[in-house]
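So you can see what is in the structure, the chains are spelled out below.
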Amino acid sequence: MKDFKKSISKSISSITNIDEENIYEYIEIPPDNKMGDYAFPCFKLAKDLKKAPQIIAQEIKASFDNIKDNTDIEKVEVVGGYLNFFVNKVEYIKSVMTEIYEKKEMYGSSGEGNGKTALIEYSSPNIAKPFHIGHLRSTVIGGALYNIYKFMGYNVVGINHLGDWGIQFAKVMAGMSMWKEEYNFEEDAIGEILKLYVRFSNEEKEKPEFTEMARQWHIKLENGDEEAVRLWSWIRQTSLDEFNKTYKLLNSKFDSNNGEAFYNDKMQAIVDELQDKNLLVESEGAKVVMLDQYDMPPCIIVTSAGTSIYATRDLAALKYRINTYDFDKLVYVVGGEQQLHFKQIFKVMALMGYEDYVKKCEHIYFGLVVDKNGEKIGSRKGNSVSLDEIINQAISKSLAIIEEKNPSLPNKEEIAKDVGVGAVIFNDLCNNRIKDEIFDWDMMLNFNGETGPYVQFMYVRTRSILNKANLEFNDIKNIDFSLLQEEETFEMIKHISNFEGTLTNALNKNEPSILTRYIINLAQLYSSFYSKHTVMCEQPNLQKARLLLTKQVGDVIKKGMEILGINCPEKM
C-alpha cells in the first residue's frame, strides 16, 4: 500500500531540511482516532531548529497547507507541540484494499527474512512418556513462531530437540528385559512403557541391584550393544509416532528430530576445544567453566563421575547448528526455569570464540499452565496431565456445544476438532507468553469472549455473507471506495492495514500474542461494523464495496489464525 508516513515525512523534510528518515522514525499513530491518523512530535526537532515545539508545529502546518501536490493528507491540526495528520480517506482505503487484492495470500508478509535462515527449537519432550500438558506451551508458541518467520520470508528449520538419552531409558530397557511379557505394548505402547518405568523405579528403592542393572544397560547402550540399541530405537520411534499424532492435531511442523542422543559423538570435541582454549578447570572432581566474573555459577561440562551433562549436549548442539546452518537467528522456546542454563551456554560459547553467533541466539521463555485458581495443573496430585486427554476433552466439549446450537450441521466431528483444538491453541497464545496460561474450559470455549471460537465464528460469518451473495471479485476496478468512509468502516480498514506491522512486531519480539490480540481486535471491529451496517443492502455499488471488505476481513482473519496454527471452518 501507499506509505502515508513516507508522504508525511517527505513533506516535513522539504519544509525543515531535516533528514527524511529521521522524521519517518518519529511519526506515531495517535491513541485516539479523533486526534488524527498520524502524529508527529515536534519536540524532536526543537534542538535542531532552536525553537519551541509549539512554534515549530505552527510553522510546519502553515507551510504544509501550501503544499498543493500532497493529495494524501486531508488536513493538519496542531495540538500543543504535536502535528496531527488526517489522511485522505478515499486514497487510504483504495490503497489498502488494492494491496490486499493484489497480494492475496501473501498480504502482510514483508519478505524481510528473504535469504536468511532461522532455527526454532521447540516442544522437545522426553521420550518414553506421554505428551503432557507441560509441553503444550513450548509446542504452540514455537509452532506460531515457526509460521511467523516462514511467512515473513525466512528459511525456517523447526527443531524438536527430543530428550532421548540418559539413565531413565536404561531403566526402561532393564525393566523390559525382565517383564516385557507382562505388558500389552500393542494397545498403548507409551502408557505401558511409563508403567514399566514407574515399576522399575519403585522396586529400585528396595533393590540396589536394580540401579546397577540400569547402569549396565546404559553402558551397553553407549557402547553400541546391538540389543540395547534396538530397544532404545524402538522406544524412541514408538514415542515419536505417538507425539506425531498430537503434532498433527496442533498443526506443528518439525524439520529435525535430532535429540540429545544425536550429539553423543560430538561432545568430546567440545570438551577438547574447551581444554585447548584453557577454559576448563577441575572443581570437586568435575570439569567446569568458571563464570563467577559474570555473576553465574560454574558451568559443569563433565561430572565428577566422568559423564556428560545437559550443558555438554547443548554446547555440542549449538556448535553443530553453527556449522550446519550458518543461521541468522536461533530461538530456543524453553521454559523459564532454564534461564540460567541458557545464560551459561551462551556465555561459554562466547568465551570459546563464537560471540557473533551467540548474539543471534535468544531464549524465549514462558509461564506455567495453571487452573483458574492459579494452581499448576496436575501439581496437587503430583501427576502430569496428558495433552491428548486435554485435546480430546476440548473436541468433545465443542461437539456438545455444536449439537446443542446447530445439530444439523454437516461434518460436525471435523468442525468440533477445529474448534476444540483452536480453543486450546488460542487460549495459550492469547496473553503475553511470560504470563501463566489460565486453563478454564468455560472461558476457552466461549463463543462470545476473546477466544478462538469467537474469532472462528466471525470468520464463518464473513463466509456466510459471501456465499449468500455468490459474487466473484475478478477485478476491483469498478469498486467505489468513497462509499466506505463511515467511522467504523474506516477504523477497520486502518486496522487491516497494520497486519504487516503486527507480524513484524511479533517477529521482532518473538511474541505470538501480538498477532493473537490483533486478530481478536479485527474480529471485534467487524462485529461492530456488521451490527451497524447492512452488507447485503439495496444500493448495488455500496453492497459490492462492503462485500469486498467483508471478504478481505475474512481472508486476513483466516491467514492470521493459520499462522497461529489454527484452522478456520467454513461453517459452524
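Throughout what follows, the structure given in this document is the object of discussion. As the structure is a prediction and not an experimental result, all values here were calculated from the model.

What follows concerns unusual backbone geometry. A positive phi angle is found at Asp295, which is not glycine, with a value near 60 degrees. Counting through the fold element by element, Asp295 comes out in the loop between strand S7 (286–289) and strand S8 (299–302). With a phi angle near 50 degrees, Asn470 is a residue other than glycine that sits in the positive phi range. Tracing the backbone through its elements, the reader meets Asn470 in the loop between helix H17 (452–469) and helix H18 (487–497).

With respect to the secondary-structure elements, Gly565 resides in the segment after helix H21 (540–564). Residue Gly565 is classed as buried on the basis of its relative accessible area, which comes to 6%. Considering only alpha carbons, one finds Gly565 and Phe426, 139 residues apart in sequence, at a separation of 8.9 Å. Beyond its immediate sequence surroundings of up to four residues, Gly565 is in contact with Asn147, Leu250, Asn251 and Ile425.

Packed helices, taken two at a time, are described by the angle between their axes plus the distance between the axes. Relative orientation of the contacting elements helix H7 (residues 167–179) and helix H10 (residues 226–249) amounts to 110 degrees, with a least axis distance of 10 Å. The angle between H7 and H10 places the two elements in the roughly perpendicular class. Each of Phe169, Val172, Met173 and Met176 in H7 lies in contact with H10, whose residues at this interface are Ala228, Leu231, Trp232, Trp234 and Ile235. Tallied by class, the residues present in the contact of H7 with H10 amount to nine nonpolar, no polar and no charged.

Through backbone hydrogen bonds, the strands of a sheet pair up, either in parallel or in antiparallel fashion. As summarised here, the arrangement of the three strands in space is S1-S3-S2, forming an open sheet in which the pairing is antiparallel. Two strands bound the open sheet, and with one partner strand each, they are strand S1 (38–41) and strand S2 (73–79). Here the average twist between neighbouring strands, direction ignored, is 20 degrees. Pairing analysis gives six bridges linking S2 to strand S3 (residues 82–87), with the strands arranged antiparallel. Paired with Ile73 across the strands is Val87, a residue of S3. Together, S2 and S3 form the strand contacts of helix H4 (residues 53–65), whose direction differs from that of S2 by roughly 160 degrees.

Conventions used here
Residues numbered from 1 in each chain as written. Predicted model: local features only at pLDDT ≥ 70, side-chain atom pairs only at ≥ 80, totals over all residues. Heavy atoms only, no water. Helix = DSSP H or I, 4+ residues; strand = E, 2+ residues; numbered from the N terminus. Buried < 20%, exposed > 50% of the residue type's maximum accessible area, 1.4 Å probe, protein only. Contact = heavy atoms within 4.5 Å. Axes fitted to C-alpha atoms, helices over the stretch in contact; angles between N-to-C directions. Parallel < 35°, antiparallel > 145°, perpendicular 65-115°, else oblique. Nonpolar A, V, L, I, M, F, W, Y, C, P; charged D, E, K, R; others polar. Pairing = 2+ DSSP bridges.

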